[in-house]
Amino acid sequence: MPIRLPQRLRDIRTTEIVGRVRKDPRTCGDLLLGVDRQTAMNAIGWGQAEFDEPVGSLSAEDRVLLYAYWNQLGHLEELSEAFNQLFGGNSPSQPLIVVDLGCGPFTGGLALIGQLSTGELFDYIGVDRSRAMREFGEHLATAVDSMAGTPRSKRQWVADIADATWHAPPSWRPVVVIVSFLLASPSLHVGTLLAGLEQLLSRLTRGPTTILYTNSPRVAPNRTYPAFRDGLLDAGFRLTADDTGPVHTERGERVVRYALFHRDSQRTLQLGGD
Amino acid sequence: MRLPTYDELSSDEEQLDILEAPLDESLFVVGPPGSGKTSLAVWRGDALAELYGTATPVITYNRMLRRSLYLVADEHDIDIRASTMQSYVGKDYWHQTRTMVPKVPPHRYEYDWNQMVVRLAKKEPHAEALVVDEGQDLPPGFFIYASRHIAKALTVFADEEQAISGKRSTLEQIKASAGLPHPMILSENHRNTPEIARVAEHFHQGQLPAATVVRSRSGDRPKLVRSGSAESTVGRIINEFRNRSGSIGIVVDQNSTGRSVYKGLVDQLPEHRVDIYTSDDANEDSIDVRVPGVTVLNKDSVKGQEFDTVFVLELERFVPCTNDAEFRAMYMMCTRARDRLFLVYGRERLSAVAEAWLPSGDVLER
Ligand SMILES: C[S@@+](CC[C@H](N)C(=O)[O-])C[C@H]1O[C@@H](n2cnc3c(N)ncnc32)[C@H](O)[C@@H]1O
């Protein structure tokens, strides 16, 4: 069965992304926000650009909107398929904590909202170095909040993983980490990313942690994947899926590179003195 | 794309991990109230008994706990030998040396572990296995004695947070004294409603996160109640019992308060079970706390017990907590309640400090 986004997510996309692009006074025929597709693609650098700078006639906000218009839907579909397989019918017994690394405009949060059952609450920590991305993410999230019958997210947005605030003591809550189309970023250092993640996880939980990795099937964007995988294996994660394969959507088939890592709850208490 | 389901990923069968731990090795388990420690102690005792063909000694801190162990075992038709530490070691030392346990003067009860261990220096453990429940309340000397001179493999269940006795051991001390591995963790609370657990968490301290509450919400928020006299307290308890039946535990600080409440209850509930336990009366064997009725205990003897409803009386004597031991005592008392919890203060109003210090109104109904 092809994955189908829930109607409320489609509505959000229609009004907040497609509608906004179409209604923009610069939009005319194939020229969205006044630029052709090739220019748009260059401006969003296939998603790996420095989004906070203007490019030509496009402001940072324009570029983020174009990213959402051209690129986000596919990622949303892939992540929806992943969460459907993971949680379909059976959500974890405690509220999730979601850490979305290189979150973009709330893509992982939206996908999860579409697959959890109504009324569920989760914490969401969106990490993205681009202010414009974070702001548009919050804008989409607020739009979802205003719809009745959707799972609720308690959000924070930070530029750097080290900036996340968490005042509660660590609990046993399950954490889901999303790493969707981040690893191609030239500004990313895998060792630093993993160290920051481990540091944050130790503040959040002693419970189970699941890491979902998705990316383009092309080789280049995955070039740092081996380091990422090995780092996680060293940190006690096990690899439970690692493949390239199709996601069936209503628009056709998309091939995605994906992996799933999992680490159980802490099972022994390491006491001092030994 | 093909991913496992979340259920397939998470192997969260923590009790099973403990039941499957090797029987001929020492085992150390830490777990919060309601995580099933006592049942697991009994089941492990059972498995060991089967392996070695002799009833496993299971040691605990006080007589009410010994009684609960016995009742759990009896319910499942399991053959364990439940004893308090004091009595088990007294007999064990006698068998090994034909002398009485040396005491640390001027105490009548405090064993002189150093002297005992020196005396038995050349003796090897005589039993294969020993199981200890509520290990945090036993002194480090006991663990040294037990591992050197009682059993080859010790199983110790502990909750550092619930320790109430002055001679408690930290988890580190237990581990070092008994030569145990790092403790396995139980993280789920199967006993309390989420509402009760939230009040208890107010008093939570310790190295591990508060337990995950497995039960679903009941809609019954624990209540802070003022009761100006023993009669009105008795009236409330009787009301609760008439409306709900079930087992009710009354926790007091002073035995004199316990006795006056007990008298009132006996007079007004002649046709029902009403018990008071004190260590001086040593009447635990005549009490079955599981039978519907009311049991009055003090904070030492309520340890390890559980009731459908708990009234903690004399709250003004327990809060505000000013040291670790007082926090642990409040935590332990609140977690005795399965479904309903009342914190009752008496004659004097609670001080503004105590009032502000308790959980807020959305957690503890005023
Ligand atoms: C291709 S987008 C993916 C967005 C989102 N995860 C999705 O799937 O739609 C990559 C995002 O990562 C962010 N990013 C790139 N390098 C980063 C870094 N070193 N730290 C944090 N965010 C980064 C970019 O700003 C961009 O929003």
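Summarised in this report is the structure supplied together with it. (Residues numbered from 1 in each chain as written. Chains lettered and ligands numbered in written order. Predicted model: local features only at pLDDT ≥ 70, side-chain atom pairs only at ≥ 80, totals over all residues. Heavy atoms only, no water.)

It is worth spelling out the site of the ligand at this point. Residues and elements named next belong to chain A. Close to the ligand lie 19 residues, the nearest being Y67, G102, T107, D128 and S180. Within the backbone of R129, a nitrogen or oxygen atom sits 3.2 Å from a nitrogen atom of the ligand. Contact with the protein chains hides 94% of the accessible area of the ligand, taken as 590 Å² for the molecule alone. Of the residues assigned to the shell around the ligand, the class counts are seven nonpolar, ten polar and two charged. (Near = heavy atom within 4 Å. Polar contact = N/O pair within 3.5 Å; in protein donor to acceptor, adjacent residues only side chain to side chain. Areas by Shrake-Rupley, 256 points an atom, 1.4 Å probe, with all protein chains shown as cover. Nonpolar A, V, L, I, M, F, W, Y, C, P; charged D, E, K, R; others polar.)

The next thing to look at is the interface of chain A and chain B. Chain A puts 38 residues into the contact, and the matching count from chain B is 29 residues. Summing the contributions of chain A and of chain B, the shared interface buries around 2,900 Å²; its carbon and sulfur component is 59%. Elements supplying a minimum of two residues to the side of chain A that touches chain B: α3 (60–87), β5 (209–215), β6 (238–249) and β7 (252–263) of chain A. Looking at the side of chain A that touches chain B residue by residue, the classes come out as 17 nonpolar, 14 polar and seven charged. (Contact = heavy atoms within 4.5 Å. Buried area = accessible area lost by both parts, 1.4 Å probe. Helix = DSSP H or I, 4+ residues; strand = E, 2+ residues; numbered from the N terminus.)

So, about the nonpolar core. Most often, soluble globular proteins keep nonpolar side chains buried together rather than apart. In this structure, L66(A), F83(A), F87(A), L112(A), F122(A) and L3(B) are the most contacted members of the largest nonpolar core, which totals 60 residues. Counting residues per element, this core draws most heavily on α3(A), which supplies 14 residues. Beyond its immediate sequence surroundings of up to four residues, L3(B) is in contact with A82(A), Q85(A), L212(A), A241(A), Y258(A) and L260(A). Listed in part, the 35 residues of the second largest apolar core include F28(B), Y88(B), V89(B) and V101(B). (Core = buried A, V, L, I, M, F, W, Y, C linked by side-chain atoms within 4.5 Å. Buried < 20%, exposed > 50% of the residue type's maximum accessible area, 1.4 Å probe, protein only.)

Attention now moves to helix α4 (residues 107–115) of chain A. A large share of α4(A) lies buried, amounting to nine of its nine residues. Buried within α4(A) we find T107(A), G108(A), G109(A), L110(A), A111(A), L112(A), I113(A), G114(A) and Q115(A).

This part takes up the packing of aromatic side chains. How two aromatic rings sit relative to each other is set out by the distance from centre to centre and by the angle between their planes. The tally for this structure, following the rule as stated, stands at 19 aromatic pairs over all chains. Between Y93(B) and Y145(B), the aromatic rings sit 6.5 Å apart at their centres with planes inclined by 45 degrees, giving tilted as the arrangement. One end of the pair, Y93(B), is in helix α5 (residues 85–97); the other, Y145(B), is in helix α7 (residues 140–150), and 52 residues separate them in sequence. The exposure classification of Y93(B) matches that of Y145(B), with both residues buried. Their ring planes at 10 degrees and their centres at 4.6 Å tell us that F311(B) and F342(B) sit as a pair that is stacked. Pair noted here: F311(B) is in strand β13 (residues 307–312) and F342(B) is in strand β14 (residues 337–345), with a separation of 31 residues, a long-range link. Pair check on accessibility: F311(B) and F342(B) agree, each one buried. These aromatic residues form a ring-pair network of at least three members: Y93(B), Y111(B), W113(B), F142(B), F143(B) and Y145(B). Taking NZ or CZ as reference, R257(A) lies 4.5 Å from the ring centre of Y225(A), over its face. (Phe/Tyr/Trp six-rings, centres within 6.5 Å; stacked < 30°, edge-to-face > 60°. Lys NZ or Arg CZ within 6 Å of the ring centre and 35° of its normal.)

Each α-helix turn comprises 3.6 residues. Residues three or four places apart therefore point the same way. Residue and element names in this part refer to chain B. The first and last C-alpha atoms of helix α10 (residues 230–244) sit 21 Å apart over 15 residues, in line with the 21 Å expected at 1.5 Å per residue. Residues of α10 that are buried sit in contact with β10 (247–252), α11 (255–268), β12 (293–298), β13 and β14. Just beyond α10, the residue with positive phi is S245, at close to 55 degrees. (Expected span 1.5 Å × (residues − 1).)

All right, on to the packing of α3(A) against α4(A) then. Describing two packed helices takes the angle between their axes plus the distance from one axis to the other. Residue and element names in this part refer to chain A. Orientation of α3 relative to α4, taken along the N-to-C sense of each, is 45 degrees, at an axis distance of 8 Å. As far as their axial angle goes, α4 and α3 are oblique. Here α3 and α4 pass one another in a crossing that is right-handed. On the side of α3, the interface is formed by Q72, H75, L76, L79, S80, F83, N84 and F87, while α4 contributes T107, G108, L110, A111, L112 and Q115. Residues that form the contact of α3 with α4 fall into these classes: seven nonpolar, seven polar and no charged. (Axes fitted to C-alpha atoms, helices over the stretch in contact; angles between N-to-C directions. Parallel < 35°, antiparallel > 145°, perpendicular 65-115°, else oblique. Left-handed = near helix turned anticlockwise from the far one by under 90°.)

A separate point is the environment of Q305(B). All names here are of chain B. The residue Q305 is located in the loop between β12 and β13 in this model. Among the residues examined, Q305 registers a relative accessible area of 2% and is labelled buried. For the pair formed by Q305 and R290, sequence separation is 15 residues and the distance between their alpha carbons is 9.6 Å. Leaving out residues up to four positions away in the same chain, Q305 has contacts with M64, L65, S68, R191, V289 and R336. Engagement of the side chain of Q305 in a polar contact is seen with the backbone oxygen of M64, the distance being 3.1 Å. Here S68 takes part through its side chain, which lies 3.0 Å from a polar atom of the side chain of Q305.

Residue and element names in this part refer to chain B. Counting buried residues along β12, six of its six residues qualify, which places the element largely inside the surrounding structure. Where β10 lies against β12, six bridges are found, and the strand directions are parallel. Within the sheet, the bridge partner assigned to G249 lies in β12 and is T295. Of the pairings in the sheet, the one linking strand β11 (residues 273–276) to β12 comprises four bridges and is parallel in character. Across the sheet, the residue bridging to V274 is V294, located in β12. (Pairing = 2+ DSSP bridges.)

Moving on: empty space enclosed by the protein. Residue and element names in this part refer to chain B. Going through the model one piece at a time under the given rule, you end up with five cavities of 30 Å³ or more. Empty space within the largest cavity amounts to approximately 170 Å³. Lining the largest cavity we find 20 residues, and of these G31, P32, D159, L208 and P209 sit closest to its centre. Class assignment for the residues of the lining of the largest cavity results in eleven nonpolar, six polar and three charged. Looking at the second largest cavity, it is lined by 13 residues, and the ones nearest its centre are N189, A197, E201, A211 and Y331. (1 Å grid on protein atoms, 1.4 Å probe; cavity = no way out; pocket = protein on both sides within 12 Å on 5 of 7 lines; lining within 4 Å. Points joined across faces, edges and corners; volume = space filled by probe spheres on them.)

Moving on: the pattern of salt bridges. All names here are of chain A. Under the counting rule described, the total for this entry stands at 39 salt bridges over all chains. A salt bridge links R254 to E78, with the shortest nitrogen-to-oxygen separation between them at 2.5 Å. Of the two residues, R254 sits in strand β7 while E78 sits in helix α3, which places them 176 residues apart along the sequence. Two residues, R152 and D145, come together in a salt bridge whose shortest N-O distance is 3.7 Å. Look at D145 and you get partly exposed, because its relative accessible area is 22%. (Salt bridge = Lys/Arg side-chain N within 4 Å of Asp/Glu carboxyl O.)

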